[in-house]
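Architecture and fold: a report
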Amino acid sequence: MVYSQTVCPSQYADFYVAGGLSKTSDIADDLKKKILSIQYPGKKAVQIAAKNYHVMGAAFMTCQMIEAGLNPLLAIQVESMAANLYRGIRLCQSIEIPGNLFWDLQRHREVAFRPFGKTFEEIVLEKAMDRARNKKCSVKDTRTDALCRLLKVVGAPADISRPQMEKRTQDLLTNYMDEMIASGLYASWHISGEVAGISLPCSQAQLWGPHPFLQWLISNTEVHVNICGNGLTMDACRKAVKKIRSWEVDFDWTVSQHVAGARFAAKVCKQYPEGRSSFEAFCNK
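Presented here is an overview of the structure given in this document. (Residues numbered from 1 in each chain as written. Predicted model: local features only at pLDDT ≥ 70, side-chain atom pairs only at ≥ 80, totals over all residues. Heavy atoms only, no water.)

A word on the environment of Ala260
Our working definition: Strands here are runs of E lasting at least two residues and helices are runs of H or I lasting at least four, both read from the DSSP assignment and numbered beginning at the N terminus. Three labels apply to residues, based on accessible area from a 1.4 Å probe with only protein chains included: buried if under 20% of the type maximum, exposed if over 50%, partly exposed otherwise in between. Residue contacts are counted whenever heavy atoms from the two residues lie within 4.5 Å of one another.
Structurally, Ala260 can be placed in helix H10 (residues 234-268). Given a relative accessible area of 8%, Ala260 falls into the buried group. Other than its neighbours up to four places away in sequence, Ala260 contacts Ser25 and Asp26.

Here we look at the environment of Gln64
Along the polypeptide, Gln64 turns up in helix H2 (residues 53-67). Sequence spacing of Gln64 and Lys270 is 206 residues, and the spatial spacing of their C-alpha atoms is 9.2 Å.

Section: the pattern of salt bridges
Operational definition: Every case where a carboxyl oxygen of Asp or Glu lies within 4 Å of a side-chain nitrogen of Lys or Arg is listed as a salt bridge.
Applying the stated rule across the entire model yields 14 salt bridges. A salt bridge links Glu126 to Lys118, with the nearest nitrogen and oxygen atoms 2.6 Å apart. In this structure Glu126 comes out as partly exposed when scored by relative accessible area, which is 35%. What makes Lys118 partly exposed here is its relative accessible area of 32%. A salt bridge links Arg133 to Glu166; its shortest N-O distance comes to 2.9 Å. One end of the pair, Arg133, is in helix H5 (residues 120-133); the other, Glu166, is in helix H8 (residues 163-189), with 33 residues separating them in the sequence. Using a relative accessible area of 44% as the deciding quantity, one classes Arg133 as partly exposed. In this structure Glu166 comes out as partly exposed when scored by relative accessible area, which is 25%. When salt bridges that share partners are traced, they join Glu110, Lys127, Arg131 and Asp145 into one network.

Here's the deal with the state of the cysteines
Just so we agree on the cut-off: The disulfide criterion is simple: two cysteine sulfur atoms within 2.5 Å.
Tallied over the full model, the rule gives 3 disulfides. The disulfide partner of Cys137 is Cys148, and the gap between their sulfur atoms is 2.0 Å. On the sign convention where negative is left-handed, the bridge of Cys137 and Cys148, at about -80° about the S-S bond, is left-handed. Of this pair, Cys137 sits in the loop between H5 and helix H6 (141-144) while Cys148 sits in helix H7 (residues 146-154), and the two are 11 residues apart along the sequence.

Observations concerning unusual backbone geometry
Positive phi, close to 50°, is recorded for Lys135, a residue that is not glycine. Following the sequence through the fold, Lys135 ends up in the loop between H5 and H6. Here Lys135 falls in the exposed class, since its relative accessible area comes to 55%. Backbone geometry places Asn230, a non-glycine residue, at a positive phi of 55°. On the secondary structure map, Asn230 appears in the loop between helix H9 (212-220) and H10. Looking at Asn230, the relative accessible area reads 29%, which means it is partly exposed.

Brief notes about the nonpolar core
Quick reminder of the rule: For this analysis, a nonpolar core means a set of buried residues of the types Ala, Val, Leu, Ile, Met, Phe, Trp, Tyr and Cys, connected via side-chain atoms within 4.5 Å.
Core analysis: the largest hydrophobic core is formed by 41 residues, its most contacted members being Leu105, Phe120, Val124, Leu150, Met180, Ile181 and Leu185. Within the residue set of this core, elements represented by two or more residues are helix H3 (72-107), H5, H7, H8 and H10. When residues of this core are assigned to their parent elements, the largest contribution, 10 residues, is made by H8. In terms of nonpolar packing, the next biggest core, distinct from the first, is built from 8 residues, Ile27, Leu36, Ile38 and Trp253 among them.

Notes on the packing of helix H1 (residues 29-39) against H10
The following threshold applies: Angular values range over 0 to 180 degrees, each being the angle between N-to-C directions of two axes fitted as lines to C-alpha atoms, with helices fitted over their stretch in contact. If an angle is under 35 degrees, it is roughly parallel; if it is over 145, roughly antiparallel; if it lies from 65 to 115, roughly perpendicular; otherwise it is oblique. Rotating anticlockwise by less than a right angle from the far helix to the near helix defines a left-handed crossing, while the corresponding clockwise rotation defines a right-handed one.
Where H1 meets H10, the closest approach of the two axes is 10 Å, and the angle between their N-to-C directions is 155°. Judged on the interaxial angle alone, H10 and H1 are roughly antiparallel. Between H1 and H10 lies a crossing of left-handed hand. Across the interface between the two elements, Leu31, Lys34, Ile35, Ile38 and Gln39 from H1 touch Arg245, Ser246, Val249, Asp250, Asp252, Trp253 and Ser256 from H10.

Spelled out as structure tokens, the structure:
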């Protein structure tokens, strides 16, 4: 059936705007303010993508579960768990490589036994640039040497003899450092990866590391308390904590949207007779 023969809303319809499904199918205003303050400081709500597809998708999937005979309250719980799992898997995928690289570098002989007064960021940048300048990284080295692997991950040029190439390599390393540090700290503070031999998705639950209040204090004030350790500067620690808090609020955002969509479905959807489905009239006139 061609698109013009359906009654589905167009891609520009208000139906897809936050709250378009119903006035109550949206996240709380307090959470919106939290998202803005942590992820988009200085911006207004109208400037931020609502990601309302999470609400719509959750409503659809929950309705399908209810139609199939699942209790509506149980369907909401299932959808909420699925949202947590989705966000955890996505986060684990993004922090796995930089997080592992951070801890490999922490254990690297040249980094671990750095001169007194040298920070983690300084020694990593210095040693990585030295390898790039002197072309010390063979294919084998990228597997065995964390500094060479860092150069490969950031996409450093093979030849940095020209000044612009050296500057580009230094910028690539510096920019990647923030993501790498935050990934390593997140993996060490939260339930993630392999625990007791069991592979788990990343979680919002924190078992180790500094108290959440200290993290809030560091990211929201100018208090000079380095809660990160590992040879990091105060500036690097503050950046990492802010990024980690941003990842944590992503869980609240996604799960709340899925719960909002699921609750809407629980109100309007019903079980269908066996062998029947709402798909029979999906987008038909």
